[in-house]
Amino acid sequence: MAPRPPPLSLRLISDCLVKPHRLPPPSNHPLHLPPWDLAMLPIHYIQRGLLFPFPPRCLNHGFDRPAFIHSFLEKLQRSLSSTLAHFYPLTGRLATLERTDPPSNIVFVDCANSPGARFIHAALDMTVADILSPTYVPAAVRSFFDHDRAVNHDGHALSLLSAQVTELADGVFVGLSMNHAVGDGTSFWHFFNSWSEIFQAQEKGAVDVVQLSRPPVLTRWFAEKHPGPISLPFTSYPSSFVARFEAPELRERFFHFSADAIAELKGEANRQCGTTNISSFQSLTAHVWRCITRASRLVPEQVTSCYMAANNRARLEPPLPPEYFGNMITPLRTAATAGELLDGGPGWAARQLHATVAEHNDAKLRKWNEEWIKNPQMHHRGNLFDPCNIMMWSSPRFNMYGNEFGLGKALALRSGLGNKFDGKVSGYPGRDGRGSIDLEICLSPEKMAVLEADMEFMAAVTVS
């Protein structure tokens, strides 16, 4: 796939590949991918990043900014190299072993072929305020990420990880693009956290080899009946199972929900259901599902679905450790007609979501794994991204604002264009912590205008 030309205002200053100082012996062997990884091949890379302000001294007249940036980039590359020694699959590339009789393809991570992770330094003539002040996320934010609109199968040629450092007039954005077939959001933020941990350790004088407080578990999980590798009944041509798509015109906006507002939603949902079992996030998700469905102006008989990303690590028996590096998520579907959803109230909606989550267990996971191996079903826009649905992705439990690179706490988190569509909602921890949540909501301009005028929705939002 030909790379998309960057916006004219983005200046590419340097571009290199970063390798670990040394690779461990297991890197000589292929890393085979289980169904949860392989199902991700047709969708986009994960793209998330953090916006940092420059220290006040950097803005003083006479300050040697080029020297500061040069030192900052060297530290980032050094710590990235050390981090990749722990997460060495991210330095490799995807590869396919093709067989003709019967036709099959085994896609794996070739760790022996390890060109490295990409590291880009770019600059943009914008300020931090230019990024944060507008109501909607500026289109320029998309240029903060490499591998724009690349799908994970492109990892046969593209780097599996790319870090782009974009220099602004008064700050810097550190954006990561990671191949979603290699890891999920838990794995993505585990890597980001580890990079920050090593950066800070090296700032204090640590050597290149730094022991992590939470080293990744790189051994992939396969069911006992199917120890791998998994063969795909497709040709080696991506067009046979990869359907590229372009997102329609979208409005992307962050909505802040304070801990008090979320507690009110949770209390009301549990009161309506006569229980205490419904969680804060289920209550918030029910609130958003109902309000976006109302903004979509669906007829009462139209079926609408809410997908929630479930982390399967603790649900398997025996459970996997939180540090398991790979994909271990399932999009859980809860469906209702628009009439049922809007007439039933927030408690009814939250109870449906809670029931779906409560039923998700080891037996269901193993059944899904067994059925997938018999009949592989890839994640495509057509089978998940319906404009009548919403998808709640990411998690406010991830440690996002704990990542520091010598510039203090990040001002904001932003994401790239990858996997954006009408009805996509991403949950992040609020910068102020204390249980607050930021929701990044992507909707068509028409739906967004209706949602913003919805008094029930906006009553729970803190408008700054």
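Residues numbered from 1 in each chain as written. Predicted model: local features only at pLDDT ≥ 70, side-chain atom pairs only at ≥ 80, totals over all residues. Heavy atoms only, no water.

Participant: Lay out the nonpolar core in plain terms, naming residues and giving numbers.
Facilitator: Formed by 88 residues in total, the largest nonpolar core has its most connected members in Leu80, Leu90, Leu161, Phe191, Phe192 and Trp195. Setting aside its immediate chain neighbours within four residues, Leu80 contacts Val18, Phe119, Leu161, Ala163, Phe191 and Trp195. Counting residues in hydrophobic clusters, the runner-up holds 34 residues, among them Leu265, Val288, Leu443 and Ala460. (Core = buried A, V, L, I, M, F, W, Y, C linked by side-chain atoms within 4.5 Å. Buried < 20%, exposed > 50% of the residue type's maximum accessible area, 1.4 Å probe, protein only. Contact = heavy atoms within 4.5 Å.)

Participant: Talk me through the layout of surface pockets; I want residue IDs and the actual numbers.
Facilitator: Roughly 990 Å³ of volume is contained in the largest pocket. Lining the largest pocket are 46 residues; nearest its centre among them are Phe281, Ala309, Asn311, Ser394 and Ser395. Here the lining of the largest pocket is built from residues that sort into 23 nonpolar, 17 polar and six charged. (1 Å grid on protein atoms, 1.4 Å probe; cavity = no way out; pocket = protein on both sides within 12 Å on 5 of 7 lines; lining within 4 Å. Points joined across faces, edges and corners; volume = space filled by probe spheres on them. Nonpolar A, V, L, I, M, F, W, Y, C, P; charged D, E, K, R; others polar.)

Participant: Just give me the short version of the side chain of Glu323, but keep the residues and values in it.
Facilitator: You can see Glu323 is positioned in the loop between β10 (303-311) and β11 (329-337). Classification of Glu323 as buried rests on a relative accessible area of 17%. For Glu323, the side chain forms a polar contact with the side chain of Arg214, separated by 3.1 Å. Those residues in contact with Glu323, other than ones at most four positions away along the chain, are His190, Arg214, Pro215, Pro216 and Val217. (Helix = DSSP H or I, 4+ residues; strand = E, 2+ residues; numbered from the N terminus. Polar contact = N/O pair within 3.5 Å; in protein donor to acceptor, adjacent residues only side chain to side chain.)

Participant: I'd like a description of the side chain of His86, backed by residues and values.
Facilitator: Mapping His86 onto the fold places it in helix α2 (residues 65-86). With near-sequence residues (within four places) excluded, His86 lies in contact with Ile198, Val210, Gln211, Leu212, Pro216 and Leu218.

Participant: Break down the state of the cysteines for me, with residues and values.
Facilitator: On inspection of all chains with the given rule, the structure shows zero disulfides. Free of any disulfide, Cys291 has its nearest neighbouring cysteine sulfur in Cys306, separated by 12 Å. Lacking any disulfide linkage, Cys388 is separated from the closest cysteine sulfur, that of Cys306, by 14 Å. The class of Cys388 is buried, set by a relative accessible area of 19%. (Disulfide = S-S within 2.5 Å.)

Participant: Give me the lowdown on the sheet that holds strand β4 (residues 93-100), citing residues and values where you can.
Facilitator: Pairing is antiparallel across the open sheet formed by three strands, whose spatial order is β2-β5-β4. Edge strands, defined here as strands with exactly one partner in the open sheet, are β2 (31-32) and β4. Judged from the two bridges that link them, β2 and strand β5 (residues 103-110) form a sheet pairing that is antiparallel. Looking at the pairing, Leu31 lines up with Val109 of β5. (Pairing = 2+ DSSP bridges.)

Participant: Report on the pattern of salt bridges, specifying residues and quantitative values.
Facilitator: This structure, assessed with the given rule, holds 23 salt bridges. Of the charged contacts, one joins Arg142 and Glu252 as a salt bridge, the two residues approaching to 3.4 Å between their closest N and O atoms. Remark: Glu252 occurs in strand β9 (residues 251-257) and Arg142 occurs in the loop between α3 (128-132) and β7 (161-167); sequence separation between them is 110 residues. On the basis of relative accessibility, which here comes to 27%, the residue Arg142 falls in the partly exposed class. (Salt bridge = Lys/Arg side-chain N within 4 Å of Asp/Glu carboxyl O.)

Participant: Break down the confidence of the model for the protein chain for me, with residues and values.
Facilitator: A residue-level look at the protein chain finds 96% of positions with pLDDT of 70 or above and a mean pLDDT of 93. Scored below 50 in pLDDT, residues 4-8 shows four contacts in the model against residues more than four places distant or in partner chains. (pLDDT = per-residue confidence, 0-100.)

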